[in-house]
Amino acid sequence: MAYSVNSKTKVATLDNVEYLPSAVHDGKELSLVALTEDECKFFKDLHATIPAQQLEFLRMKRNQILAESDWVVIKEREEGGSVSNFADWKTYRQALRDITKTYKSIEDDGFEWPSAPTE
């Protein structure tokens with residue numbers, strides 16, 4: 001791994017990625033301190049976890065939305081076909097389940113939750 005520090009700007013570079021310096025105040029003045037190689041590695045590793053965290057958030061939110069529509073499935077089963085637009089609900093719930101096949105984050109371009117059918 002290639003690590004270097006610009007002595008003027010205190011910007012550290014690790015594997016062609018720049019890491020801004022830390023600001024340190026000693027009670028009298030503010031100074032910039034370059035990140036060490038280990039600190040840069042830490043932030044590099046931390047940044048690498050972001051996609052997995054975004055996908056996990058998407059799944060958690062999706063599961064919450066699915067749970068909010070569980071009543072439709074319960075009502076349909078308990079009352080034997082009393083939900084007039086059950087096919088629409090079934091399609092909606094499947095679209096929710098499939099959303100992670102298209103998107104990995106709610107911040108992805110074009111991301112939009114499917115619209116729930118009207119009751």
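These remarks concern the structure in this document.

Basis of the calculations
Residues numbered from 1 in each chain as written. Predicted model: local features only at pLDDT ≥ 70, side-chain atom pairs only at ≥ 80, totals over all residues. Heavy atoms only, no water. Helix = DSSP H or I, 4+ residues; strand = E, 2+ residues; numbered from the N terminus. Rg over C-alpha atoms; globule rule 2.2 N^0.38 Å. Buried < 20%, exposed > 50% of the residue type's maximum accessible area, 1.4 Å probe, protein only. Areas by Shrake-Rupley, 256 points an atom, 1.4 Å probe, with all protein chains shown as cover. Patch = residues over 30% accessible without salt bridge, like charges linked within 9 Å, V, L, I, M, F, W, Y side chains within 5 Å. Salt bridge = Lys/Arg side-chain N within 4 Å of Asp/Glu carboxyl O. Polar contact = N/O pair within 3.5 Å; in protein donor to acceptor, adjacent residues only side chain to side chain. Contact = heavy atoms within 4.5 Å. Axes fitted to C-alpha atoms, helices over the stretch in contact; angles between N-to-C directions. Parallel < 35°, antiparallel > 145°, perpendicular 65-115°, else oblique. Nonpolar A, V, L, I, M, F, W, Y, C, P; charged D, E, K, R; others polar. Pairing = 2+ DSSP bridges.

1. With respect to the overall build of the protein
Moving on, step 1. For the protein, the helix and strand inventory stands at four helices and five strands.
Moving on, step 2. Overall, the protein shows an N-to-C arrangement of helices and strands of β-β-β-β-β-α-α-α-α.
Moving on, step 3. Its C-alpha radius of gyration of 25 Å places the protein more than 25% over the 14 Å reference for a compact globule of 119 residues.
Moving on, step 4. Taken along the three principal axes of its C-alpha coordinates, the protein extends 75 × 35 × 20 Å.
Moving on, step 5. The buried share of the protein, reckoned over its 119 residues, is 24%.
Moving on, step 6. Summed over its atoms, the accessible surface of the protein is roughly 8700 Å², and 52% of this surface lies on carbon and sulfur atoms.

2. A short note on a nonpolar patch on the surface
Moving on, step 1. A contiguous nonpolar surface patch, about 290 Å² in accessible area, is contributed by Phe-42, Phe-43 and Leu-46.
Moving on, step 2. In this structure, Phe-43 sits in helix H1 (residues 37–48).

3. Focus: the environment of Ser-115
Moving on, step 1. Residue position: Ser-115 is located in the segment after helix H4 (86–102).
Moving on, step 2. Taking the C-alpha atoms as reference points, Ser-115 and Cys-40, separated by 75 residues in sequence, lie 43 Å from one another.

4. As for the side chain of Arg-62
Moving on, step 1. In this fold, Arg-62 is placed in helix H2 (residues 50–68).
Moving on, step 2. At a separation of 2.8 Å, a polar atom in the side chain of Arg-62 contacts the side chain of Asn-63.
Moving on, step 3. Each residue touching Arg-62, except ones within four places of it in the same chain, is listed here: Leu-96, Arg-97, Ile-99, Thr-100 and Trp-113.

5. A look at the packing of H2 against H4
Moving on, step 1. Here H2 crosses H4 at 170°, and the two axes come no closer than 9 Å. One finds that H2 runs roughly antiparallel with respect to H4. Side by side, H2 and H4 meet where Leu-55, Leu-58, Arg-59, Arg-62, Ile-65 and Leu-66 of the first sit next to Tyr-92, Arg-93, Leu-96, Arg-97, Ile-99 and Thr-100 of the second.
Moving on, step 2. A class-by-class count of the residues in the contact of H2 with H4 yields seven nonpolar, one polar and four charged.

6. Regarding the pairing of strand E5 (residues 30–33)
Moving on, step 1. Inspection of the sheet shows strand E4 (residues 22–25) paired to E5 by four bridges, in the antiparallel sense. Counted as the bridge partner of Ala-23 is Leu-32 from E5.

Note that all results are geometric; they support no functional claim without further evidence.
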